[in-house]
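Report on the structure
What follows is each chain in one-letter form.
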Amino acid sequence: MKILIFTFSAACLALAVPFAAAADKPTDPQIAHIAYSAGVIDVEAAKLALTKTKNADVKAFAESMQKDHEAVNDMALALVKKLNVTPEDNATSQALAKAAEEKRAELGKLDGAAFDKAYIDNEVAYHKQVNGALETLLIPSAQNGELKGLLETGLKLFQGHQQHAEHVAAGLK
């Protein structure tokens, strides 16, 4: 149990660092890259979960994450193409990718109920962090109205993801 609590705390800390690095108001191209990167990270986590879980609720959650985040990322790509904006890689996107790679490696070593719990706990923490960053940094910093609108739509969807993850987590206890 102590290991799970430590792992969960470390995951929260790892996620907090990338968004703290974004404290300097990001530009729209940087915001587009951060948002897209966050979506890719959750798609990759969902793909891992789908290869490892035997739990029907975890599987349904992972399928939903993959489908929803791929759809939002498709909308984001269409928007940046329409606006003729090139997403700009940045320290926040890089830190998110690094933390996610480490978390996937950690999750990849787990199986069964231990994997399911760690995956869902990470999804709760990750969505809390991303939702907080959307609310307090990315949406307020966005200059383009269409980008801001897409981020606001994403926030509503991702708040639902967080609630779904919390519901699944409660069922795993």
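Residues numbered from 1 in each chain as written. Predicted model: local features only at pLDDT ≥ 70, side-chain atom pairs only at ≥ 80, totals over all residues. Heavy atoms only, no water.

**Remarks on the pattern of salt bridges**
Let me state the cut-off plainly: Salt bridges are counted wherever a side-chain nitrogen of Lys or Arg sits within 4 Å of a carboxyl oxygen of Asp or Glu. Note on conventions: DSSP H or I runs of at least 4 residues are helices, E runs of at least 2 residues are strands, and numbering of each starts at the N terminus. Working definition: with a 1.4 Å probe on protein chains only, accessible area under 20% of the residue-type maximum means buried, over 50% means exposed, and in between means partly exposed.
Considering all chains together, one arrives at seven salt bridges under this definition. Note that Lys47 is salt-bridged to Glu44, the shortest N-O span being 3.9 Å. Taken together, the residues Lys47 and Glu44, both in helix α2 (residues 28-52) and three residues apart, mark about one turn of the helix. The partly exposed category is assigned to Lys47, whose relative accessible area is 34%. Assessed through its relative accessible area of 30%, Glu44 is described here as partly exposed. In this structure, Lys52 and Asp111 form a salt bridge, with 3.0 Å as the shortest nitrogen-oxygen distance. Of this pair, Lys52 sits in helix α2 while Asp111 sits in the loop between α4 (91-108) and α5 (112-141), and the two are 59 residues apart along the sequence. For Asp111, a relative accessible area of 55% corresponds to the exposed category.

**As for empty space enclosed by the protein**
The test is simple: Definitions used for this entry: grid spacing 1 Å over protein atoms alone; cavity, a set of points where a 1.4 Å probe fits but cannot get out; pocket, an open set with protein on both sides within 12 Å along at least 5 of 7 lines; lining residue, one with an atom within 4 Å of a point. Grid points are joined across faces, edges and corners, and a volume is the space filled by probe spheres set on the points. Under the scheme applied, nonpolar residues are Ala, Val, Leu, Ile, Met, Phe, Trp, Tyr, Cys and Pro; charged residues are Asp, Glu, Lys and Arg; polar residues are all the others, including Gly.
Across all of its chains, the model carries three cavities of 30 Å³ or more by this definition. Looking at the largest cavity, its volume works out to about 240 Å³. Lining the largest cavity are 21 residues, and of these Ala35, Tyr36, Val72, Leu151 and Phe158 sit closest to its centre. In the lining of the largest cavity, the residues fall into 17 nonpolar, four polar and no charged.

**Here we look at the packing of α2 against helix α3 (residues 56-83)**
What describes two packed helices is the angle between their axes and the distance between those same axes. For the record, the criterion: Axis lines are fitted to C-alpha atoms, over the contacting stretch for helices. Their N-to-C directions set the angle, which ranges from 0 to 180 degrees. Under this scheme an angle from 65 to 115 degrees is roughly perpendicular, one under 35 degrees roughly parallel, and one over 145 degrees roughly antiparallel; angles in between are oblique. By convention the crossing between two helices is left-handed if the near helix lies anticlockwise of the far one by an angle smaller than a right angle, and right-handed if it lies clockwise. Contacts were defined at the residue level, with two residues in contact if any of their heavy atoms lie within 4.5 Å.
Relative orientation of the contacting elements α2 and α3 amounts to 155°, with a least axis distance of 8 Å. Here α2 is positioned roughly antiparallel relative to α3, judged by the angle of their axes. For the pair α2 and α3, the crossing hand works out as left-handed. Where α2 approaches α3, its residues Ala32, Ala35, Tyr36, Gly39, Val40, Asp42, Val43, Ala46, Lys47, Ala49 and Leu50 are matched on the opposing element by Lys59, Ala62, Glu63, Met65, Gln66, His69, Glu70, Asn73, Leu77 and Val80. Looking at the contact of α2 with α3 residue by residue, the class counts come to twelve nonpolar, four polar and five charged.

**As for α4**
Heads up, the rule is: A helix is expected to span 1.5 Å for every residue after the first. Starting at the helix axis, one direction is taken to each C-beta atom, and the arc is that of these directions. Contacts described as polar in this section are N or O atom pairs within 3.5 Å, which, within protein, must combine one atom able to donate a hydrogen with one able to accept it, while residues neighboring in sequence count only if both atoms come from side chains.
With 18 residues, α4 should cover 26 Å at 1.5 Å per step; its first-to-last C-alpha distance of 25 Å lies within 8% of that length. Within α4, burial applies to Thr92, Ser93, Leu96, Ala99, Ala100, Lys103 and Leu107. Around the axis of α4, the buried residues are gathered within 130° of arc, so they sit on the same side. Facing away from the buried side of α4, by more than 90 degrees, are the exposed residues Ala91, Lys98 and Glu101. Sitting at the amino-terminal end of α4 is Asn90, which places a side-chain oxygen 3.0 Å from the backbone nitrogen of Thr92.

**Thoughts on the confidence of the model for the protein**
Heads up, the rule is: Summary of the metric used: pLDDT quantifies the predictor's per-residue confidence within the range 0 to 100.
Per-chain confidence: the protein averages 87 in pLDDT, with 87% of residues scoring 70 or above. Per-residue pLDDT stays below 50 along residues 1-17; that stretch engages in 13 contacts with residues further than four places along the chain or on separate chains.

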